[in-house]
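# Topology and contacts: notes
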Number of protein chains: 2
Amino acid sequence: MARVVRVAHLALVHEDMDVALRFWRDGLGIAVARVADVPQEGVRVAFLPVGDDEIEIVVPQRLDTGVARFLAKRGPGMHHVCLEVDDLDAMLARLRGQGVELINETPRVSPDGRRYAFIHPRSAGGVLVELYEARADTTA
Amino acid sequence: MARVVRVAHLALVHEDMDVALRFWRDGLGIAVARVADVPQEGVRVAFLPVGDDEIEIVVPQRLDTGVARFLAKRGPGMHHVCLEVDDLDAMLARLRGQGVELINETPRVSPDGRRYAFIHPRSAGGVLVELYEARADTTA
């Protein structure tokens, strides 16, 4: 049976990367592994590994993105939690069978080759949940 | 230097435990380790371990609690993230020195002996952050 393996990352949204890093990096002392621009999604992302997880700070660079609208509506804060699953297709099939509303009915593929899908917060207790699958080359 | 060791748990707030468990337990298939009433805080909490972390579903049982007010204002969703630190006093001193607003100026102690303190979301990019310290008997 498909199962959740771990919490992969916790994504936070903020309007200003420097201000966000002042707390997460300088205050808490969590090292930034890298900062990347993702033009196709209109965001800049900082990755801060913590133990087995990662905190991701997402800063919209354009107004016409979902994350920019989220920020405008709710202000800075937690955006989504990403759970790693061992079998994404089987997990999505089970959720669909239980009437869970999926944002991505079929998995999408990230530039680095990971398959992922988002679940609608309406079906997930108000939480935006991303599921993603470990790459075959890391689980073989 | 005091440092963050791991993400200890992610707390979600919901108005109905059965509805919340229908997604997190039955949908995602994450086993519930235990459910506990915490009368002194006016909440019922379900603990769902995932890898090295834990998802906690918090359901207010009284209206006169901070978490009940949070739920009334923002609806169900993510409530706070808890980070484990190796030296809570040193971490709080550093944060205080950087002008970070703490909800608990001095650590509180949970019924099971853990020392913890909350940071105000105003100073933490809109995220309610709990810091807690591993118990001495688990780090010695």
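One can find the structure itself at the top, above this paragraph.
To keep things clear, this report deals only with the structure shown in the data block. (Residues numbered from 1 in each chain as written. Chains lettered and ligands numbered in written order. Predicted model: local features only at pLDDT ≥ 70, side-chain atom pairs only at ≥ 80, totals over all residues. Heavy atoms only, no water.)

## Considerations on a positive patch on the surface
- On the surface, a cluster of positive charge is contributed by A:Lys73, A:Arg74, B:Lys73 and B:Arg74.
- Secondary-structure elements contributing two or more residues to the positive patch are helix 2 (66–74) of chain A together with helix 2 (66–74) of chain B.
- Positionally, B:Lys73 belongs in helix 2. (Patch = residues over 30% accessible without salt bridge, like charges linked within 9 Å, V, L, I, M, F, W, Y side chains within 5 Å. Areas by Shrake-Rupley, 256 points an atom, 1.4 Å probe, with all protein chains shown as cover. Salt bridge = Lys/Arg side-chain N within 4 Å of Asp/Glu carboxyl O. Lys, Arg positive; Asp, Glu negative; His and termini not counted. Charge placed at Lys NZ, Arg CZ, Asp CG, Glu CD. Helix = DSSP H or I, 4+ residues; strand = E, 2+ residues; numbered from the N terminus.)

## What to know about helix 2 of chain A
All names here are of chain A.
- Turning to helix 2, its buried residues number three or more, namely Val-67, Ala-68, Phe-70 and Leu-71. One side of helix 2 holds all its buried residues, which, seen down the axis, span an arc of 160°. Residues of helix 2 that are exposed and angled more than 90 degrees away from the buried face: Arg-69, Ala-72 and Lys-73.
- Positive phi shows up at Gly-75, right after helix 2, with a value of about 80°. (Buried < 20%, exposed > 50% of the residue type's maximum accessible area, 1.4 Å probe, protein only. Arc of directions from axis to C-beta.)

## Digging into the layout of surface pockets
- Computed from the structure, the second largest pocket encloses a volume of approximately 210 Å³.
- Considering only residue class, the lining of the second largest pocket consists of 8 nonpolar, 6 polar and 2 charged. (1 Å grid on protein atoms, 1.4 Å probe; cavity = no way out; pocket = protein on both sides within 12 Å on 5 of 7 lines; lining within 4 Å. Points joined across faces, edges and corners; volume = space filled by probe spheres on them. Nonpolar A, V, L, I, M, F, W, Y, C, P; charged D, E, K, R; others polar.)

## A closer look at the packing of aromatic side chains
Residue and element names in this part refer to chain A.
- Evaluated as defined, the whole model comprises 4 aromatic pairs over all chains.
- Ring geometry for Phe-23 and Trp-24: centres 5.0 Å apart, planes at 85°, overall edge-to-face. Both residues of the pair, Phe-23 and Trp-24, belong to the buried class.
- Ring geometry for Tyr-116 against Phe-118: centres 6.1 Å apart, planes inclined by 90°, an arrangement best described as edge-to-face.
- Take Tyr-116: its relative accessible area is 11%, and that puts it in the buried class.
- Sitting over the face of the ring of Phe-47, Arg-34 holds its NZ or CZ atom 3.9 Å from the ring centroid. (Phe/Tyr/Trp six-rings, centres within 6.5 Å; stacked < 30°, edge-to-face > 60°. Lys NZ or Arg CZ within 6 Å of the ring centre and 35° of its normal.)

## Some words on the interface of chain A and chain B
- Contact residues are listed per partner, giving 41 residues for chain A and 41 residues for chain B.
- Counting the surface chain A buries against chain B, the share from its top three residues, A:Phe23, A:Leu28 and A:Met78, is 21%.
- If you look at where chain A meets chain B, you find 0 salt bridges.
- On inspection of chain A and its partner chain B, the count reaches 10 residue pairs in polar contact (both at pLDDT 80 or more).
- Only strand 1 (4–13), helix 1 (17–27), strand 4 (53–60), strand 5 (77–85), helix 3 (88–97) and strand 8 (129–133) of chain A provide two or more residues apiece to the side of chain A that touches chain B. (Contact = heavy atoms within 4.5 Å. Buried area = accessible area lost by both parts, 1.4 Å probe. Polar contact = N/O pair within 3.5 Å; in protein donor to acceptor, adjacent residues only side chain to side chain.)

## Some thoughts on the sheet that holds strand 6 (residues 108–109) of chain A
Residue and element names in this part refer to chain A.
- Strand order across the open sheet formed by 8 strands is 2-3-4-1-5-8-7-6, with mixed pairing between neighbours. Sheet topology places strand 2 (34–38) and strand 6 at the edges, where each strand pairs with a single neighbour.
- In the sheet, strand 1 pairs with strand 4 via 4 bridges, with the strands oriented parallel. Counted as the bridge partner of Ala-11 is Glu-56 from strand 4. (Pairing = 2+ DSSP bridges.)

As far as function goes, none of this settles anything; it's purely spatial.
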